[in-house]
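A closer look at the structure
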Amino acid sequence: MAGIYLHIPFCKKKCFYCDFYVSLALRHKAAFIEKLKKELKYRKKFLNKETVQTIYFGGGTPSVLSGNEISDIIAVIYEHFSVAQKPEITLEANPDDLSKEYLKELKTTKINRLSIGIQSFFDDDLKLMNRRHTAKEAYDCVVNAKSAGFLNITGDLIYGLPKMDGEKWQKNLTIFSQLEIPHLSAYHLTYEQGTVFYKFRKNGKILEIGEENSEEQFRLLRKFAQANGYEHYEISNFAKPGYYSQHNSAYWQEKKYLGLGPSAHSYNGSQRIKNSALLKEYLNCEAKDLTQEIENLSKKDKYNEYIITSLRTIWGVSTKKITQSYGIHFTEKFYKNIRKYIDTGHIVRECDKFSLTEKGLFISDKITEDLYLI
Ligand SMILES: C[S@@+](CC[C@H](N)C(=O)[O-])C[C@H]1O[C@@H](n2cnc3c(N)ncnc32)[C@H](O)[C@@H]1O
Ligand code: SF4
């Protein structure tokens, strides 16, 4: 089973925290779609006839595409790839695009999962982040999406925002649960170099919240998940039973995927392939020249990726898998490096599986960095 990721690089406005590759030049949308379809045809052999179980329209803002444009792209995928009987087909959408009319249009396509960028149910936060929508629009679009028949919905929220405290974060979570959205992606704000927030923090225009406040908000998130029947299955992801993101789970389980569009990555089991990031380059070069970087992954690279991704999930790291895929030498190194975290209660062992405890989740970046083999 494999996945296809389509990067739709357009946004109507740039959010102040975001460092994803996006372009505001929506006038190139039609040319972009034509190139994307060409790229799909050109790279049809990449997945080696493996069945496509998931298709993901990510961005950028895929909800700038019309229903017809989405259906056209999906038709090209069905024409050139072998698609599973019941694939998961996700569209990332911004609340202000999800009007009742647009939702109706989407219902005529094969999209069966919506990922909605809510971020916050407070207007002051949304304004601070330079989001295009209001809190009311964020709320209403979920209600309307459900009425339109979209039951598989995930919402993005950001916590750890400037001036945010536990109480405000809790209110966001409460509204989220009132809407009965079955999947949540909750990200702690990170200050990425080159973003407006990064500049604001540097010149004192905004203040980063303290570590204690951050930890409290993460604790509230875990408590909320437990109380409302969400499984915390990956560090930023929470799902009601049956609503895991199949697409992202496949990334974490090292399945093959084909990534199309500017800055998209692909993985075929031994190589990571990266497309040119600039829209201009993407539009101007031939489909055969789109790939910019090919990285041949050594055993050590693959081991490192396995540790980084698995440790972030509830499935954890399996030493049986390390031995089978990379050799006993790597298992021995893993045992040697992990011991101290077991002693300190950051990692728990269950048979051959090693995973983070709640205490470990707080310092997951430090632990994975430490386990990384150079
Ligand atoms: C690529 S964005 C696409 C979603 C869609 N374009 C939107 O804005 O609604 C995926 C998600 O990553 C999160 N995100 C992006 N940059 C972030 C940052 N610096 N800190 C925390 N979360 C971030 C946001 O929650 C965002 O919805
Ligand atoms: S968060 Fe989404 S809408 Fe905002 S700039 Fe990034 S990709 Fe575009």
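Just so we're clear, the structure is a prediction, and the values are computed from it rather than from any experiment.

Here we come to the overall build of the protein. The helix and strand tally for the protein stands at 15 helices and 15 strands. Its C-alpha atoms give the protein a radius of gyration of 21 Å, within 12% of the compact-globule value 21 Å for 374 residues. For the protein, the spread of C-alpha atoms along the principal axes amounts to about 55 × 50 × 45 Å.

Structurally, the protein comprises domain 1 (2–251) and domain 2 (299–371). Using only C-alpha atoms to locate each centre, domain 1 and domain 2 end up separated by 29 Å. Contact with domain 1, which involves seven residues of that partner, is made by seven residues of domain 2. The set of elements that each furnish at least two residues to the side of domain 1 that touches domain 2 consists of α8 (211–227) and β7 (231–234). Per-class residue counts for the side of domain 1 that touches domain 2 are three nonpolar, one polar and three charged.

Here we come to the sheet that holds strand β15 (residues 353–356). Strand order in the open sheet made by the three strands is β13-β15-β14, with antiparallel pairing throughout. A strand with exactly one partner marks an edge of an open sheet, and here the two such strands are β13 (317–318) and β14 (347–350). In this sheet, β15 lies alongside β14 in antiparallel orientation, the contact comprising four bridges. In the sheet register, E350 faces β15, and the bridge partner there is K353.

With that settled, consider the pairing of strand β4 (residues 113–119). For β4, a buried count of seven out of seven residues is recorded, marking the element as mostly surrounded by other parts of the structure. With burial as the criterion, each face of β4 is covered, one bearing R113, S115, G117 and Q119 and the other bearing L114, I116 and I118. Where strand β3 (residues 83–93) lies against β4, four bridges are found, and the strand directions are parallel. Residue pairing across strands places E92 opposite S115, the latter belonging to β4.

Of all residues adjacent to ligand 1, which total 15 residues, the nearest are Y17, G117, D156, Y187 and T190. Put simply, the parts of the chain that give the shell around ligand 1 at least two residues each are β4 and β5 (153–159). Split by residue class, the shell around ligand 1 holds six nonpolar, six polar and three charged.

With omega at 15 degrees, the peptide bond leading from G59 into G60 counts as cis. With respect to the helices, strands and loops of the structure, G60 is situated in the loop between β2 (52–59) and α2 (67–80). The backbone of N48 sits at a positive phi, close to 50 degrees, despite the residue not being glycine. For N48, the position within the fold is in the loop between α1 (29–42) and β2. Note on N48: 9 C-beta atoms within 10 Å, which makes it exposed. In this structure, C351 is a non-glycine residue whose phi angle is positive, near 50 degrees.

Between its terminal C-alpha atoms helix α6 (residues 166–178) stretches 18 Å, which fits the 18 Å expected from 13 residues at 1.5 Å a residue. Of the residues making up α6, those classed as buried are W169, N172, L173 and F176. Here the buried residues of α6 occupy an arc of 95 degrees about the axis, which is enough to place them on one side. The exposed residues of α6 that point more than 90 degrees off its buried face are E167 and Q178. Buried-residue contacts for α6 involve β5, β6 (183–188) and α8. Remark: E180 follows α6 within two positions and exhibits a positive phi of approximately 50 degrees.

Taken across its seven residues, β5 has six buried, putting it largely inside the fold. Taken together, the four bridges between β4 and β5 define a ladder with parallel strand orientation. Residue pairing across strands places I116 opposite G155, the latter belonging to β5. As judged from the six bridges shared by β5 and β6, these two strands associate in the parallel manner. Bridged to D156 within β6 is S185. What joins β5 to β6 is α6, and the crossover it makes is right-handed.

Thresholds applied
- Residues numbered from 1 in each chain as written.
- Chains lettered and ligands numbered in written order.
- Predicted model: local features only at pLDDT ≥ 70, side-chain atom pairs only at ≥ 80, totals over all residues.
- Helix = DSSP H or I, 4+ residues; strand = E, 2+ residues; numbered from the N terminus.
- Rg over C-alpha atoms; globule rule 2.2 N^0.38 Å.
- Domains from an automatic or database assignment.
- Contact = placed C-beta atoms within 7 Å.
- Nonpolar A, V, L, I, M, F, W, Y, C, P; charged D, E, K, R; others polar.
- Pairing = 2+ DSSP bridges.
- Buried ≥ 20, exposed ≤ 12 C-beta atoms within 10 Å, placed from the backbone.
- Near = placed C-beta within 6 Å.
- Expected span 1.5 Å × (residues − 1).
- Arc of directions from axis to C-beta.
- Right-handed = clockwise from strand over helix to strand, strands pointing away.

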